[in-house]
Amino acid sequence: EIRPPMNAIVGMTAIARSAAGNKEQVLECLEKLDNSSKYLLHLVNDILDMSRIESGKMELNPTPMLLSSFLSSIDEMVRMQAEAKGLSFTIQNDCRTERHLTADQLRLEQVLLNLIGNAIKFTDVGGSITLHIHPVKEEDTGLALRFSLADTGIGISPEVLPSIFNAFEQGAKNISSQYGGTGLGLPITKRFVELMGGTISAESTVGAGSCFKVELPFGCLGVTGPTESSGMGKYA
């Protein structure tokens, strides 16, 4: 995984040096260098995250959060990216709690952004992506939520579906070259979910899309006032 971007960086650097007088070619090399370095940085970050998880050094930092505000932030981060590719993105929130939840917002954000990022990557123009939040259990001191992320993308074949949460594995041999990616996003997502005491599963049909379901427990604090999270709300 590290060799391709490193080879590209070395190769493009050599070409840029040899074409110093050709501004157009140098700019093209710089663009490829930028893409390769970003990919390499992403890969290194994924490897470091995986290493910390596997060594037991990844710790959670739960803090109070309003679900409606958290989802609004997620919406702002991904909607422009989805619409730029010609995709519709919708958040359906059925959780009507007016209490602050306690969770590691950074890890929860990484989980959802990893799943949404994959959905955007593997869904063609005109497709749709829907994040549905549904309460599955609620008590005085906490609740459990199910986050379902459904897309109308290319789907995952049944023979590889059981292995998608294994490190460095993707849906098909040509997926990495065609769509990019390190093969670590889903394994890291699964480890984060398990670290937070939850579960993750996936269903998919080739050519019809995929649905990833994450169930997570949350602690609850006091009532905050009127909630923005009933039904489709502001996210429709």
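Residues numbered from 1 in each chain as written. Predicted model: local features only at pLDDT ≥ 70, side-chain atom pairs only at ≥ 80, totals over all residues. Heavy atoms only, no water.

Caption draft 1: Molecular detail of the overall build of the protein. Within the protein one finds six helices and seven strands. Written out in order from the N terminus, the α and β elements of the protein read α-α-β-α-β-β-α-β-β-α-α-β-β. Within the protein, buried positions represent 39% of all 236 residues. For the protein, the share of sequence-separated contacts (at least 6 apart) that also reach a separation of at least 24 residues comes to 74%. Counting only carbon and sulfur atoms, one obtains 53% of the accessible surface of the protein, whose full area is about 12500 Å². (Helix = DSSP H or I, 4+ residues; strand = E, 2+ residues; numbered from the N terminus. Buried < 20%, exposed > 50% of the residue type's maximum accessible area, 1.4 Å probe, protein only. Contact = heavy atoms within 4.5 Å. Areas by Shrake-Rupley, 256 points an atom, 1.4 Å probe, with all protein chains shown as cover.)

Caption draft 2: Seen up close, the packing of helix H3 (residues 67-84) against helix H4 (residues 105-121). Remark: H3 packs on H4, axes separated minimally by 11 Å, with the N-to-C direction vectors making an angle of 25°. The angle between H3 and H4 places the two elements in the roughly parallel class. In the crossing of H3 with H4, the sense of the turn from one axis to the other is right-handed. For the pair formed by H3 and H4, the contact residues are Phe70, Ile74, Met77, Val78, Gln81 and Ala82 on the first element and Gln105, Leu108, Glu109, Leu112, Leu113, Ile116 and Ile120 on the second. In terms of residue class, the contact of H3 with H4 is built from ten nonpolar, two polar and one charged. (Axes fitted to C-alpha atoms, helices over the stretch in contact; angles between N-to-C directions. Parallel < 35°, antiparallel > 145°, perpendicular 65-115°, else oblique. Left-handed = near helix turned anticlockwise from the far one by under 90°. Nonpolar A, V, L, I, M, F, W, Y, C, P; charged D, E, K, R; others polar.)

Caption draft 3: Examining the packing of H4 against helix H6 (residues 185-195) more closely. Interhelical geometry of H4 versus H6 gives an angle of 150° and a closest axis separation of 9 Å. In this structure, H4 meets H6 at a crossing whose hand is left-handed. Between H4, through Arg107, Gln110, Val111, Asn114, Leu115 and Asn118, and H6, the contact on the second element is made entirely by Gly185, Leu186, Thr189, Phe192 and Val193. Across the contact of H4 with H6, the residue classes break down as five nonpolar, five polar and one charged.

Caption draft 4: Geometry of the nonpolar core. Residues Leu131, Ile133, Leu145, Phe147 and Phe218 are the most contacted members of the largest nonpolar core, which totals 49 residues. Apart from the residues within four sequence positions on either side, Leu131 is in contact with Leu71, Thr90, Ile91, Gln92, Leu112, Ile116, Phe147, Ser148 and Leu149. (Core = buried A, V, L, I, M, F, W, Y, C linked by side-chain atoms within 4.5 Å.)

Caption draft 5: View of the pairing of strand E4 (residues 128-138). Of the pairings in the sheet, the one linking strand E2 (residues 88-93) to E4 comprises six bridges and is parallel in character. Bridged to Phe89 within E4 is Ile129. In textbook terms, the turn of a hairpin is the stretch between consecutive antiparallel strands, and for E4 and strand E5 (residues 142-151) this stretch comprises three residues. (Pairing = 2+ DSSP bridges.)

Caption draft 6: A look at helix H2 (residues 23-54). For H2, which comprises 32 residues, the first-to-last C-alpha distance of 46 Å matches the rise-based estimate of 46 Å (1.5 Å per residue) to within 8%. Taken together, the buried positions of H2 are Val26, Cys29, Leu33, Ser36, Leu40, Leu43, Asp46, Asp49, Met50 and Ile53. Count one or two residues on from H2 and you reach Gly56, which has phi positive near 75°. (Expected span 1.5 Å × (residues − 1).)

Caption draft 7: Structural detail: the state of the cysteines. Under the definition given, this model contains zero disulfides. We note that Cys220 lacks a disulfide partner, and the nearest cysteine sulfur, in Cys95, lies 7.9 Å from it. For Cys220, a relative accessible area of 12% corresponds to the buried category. (Disulfide = S-S within 2.5 Å.)

Caption draft 8: How the structure looks around the side chain of Ser148. As for its placement among the helices and strands, Ser148 is situated in strand E5. Setting aside chain neighbours within four positions, we find Ser148 in contact with Thr130, Leu131, His132, Cys211, Phe212 and Lys213.

Caption draft 9: Up close: the pattern of salt bridges. Across all of its chains, the model carries eight salt bridges by this definition. For the salt bridge of Asp75 with Arg79, the shortest nitrogen-to-oxygen distance reads 2.8 Å. With Asp75 and Arg79 both in helix H3 and four residues apart, the pair spans about one turn of that helix. A relative accessible area of 12% means that Asp75 is categorised as buried. Across the pair Arg79 and Glu83 runs a salt bridge, and its minimum N-O distance is 3.6 Å. Within this pair, Arg79 and its partner Glu83 are both found in helix H3, separated by four residues, close to a single helical turn. (Salt bridge = Lys/Arg side-chain N within 4 Å of Asp/Glu carboxyl O.)

Function cannot be inferred from these measures alone, as they are strictly geometric.
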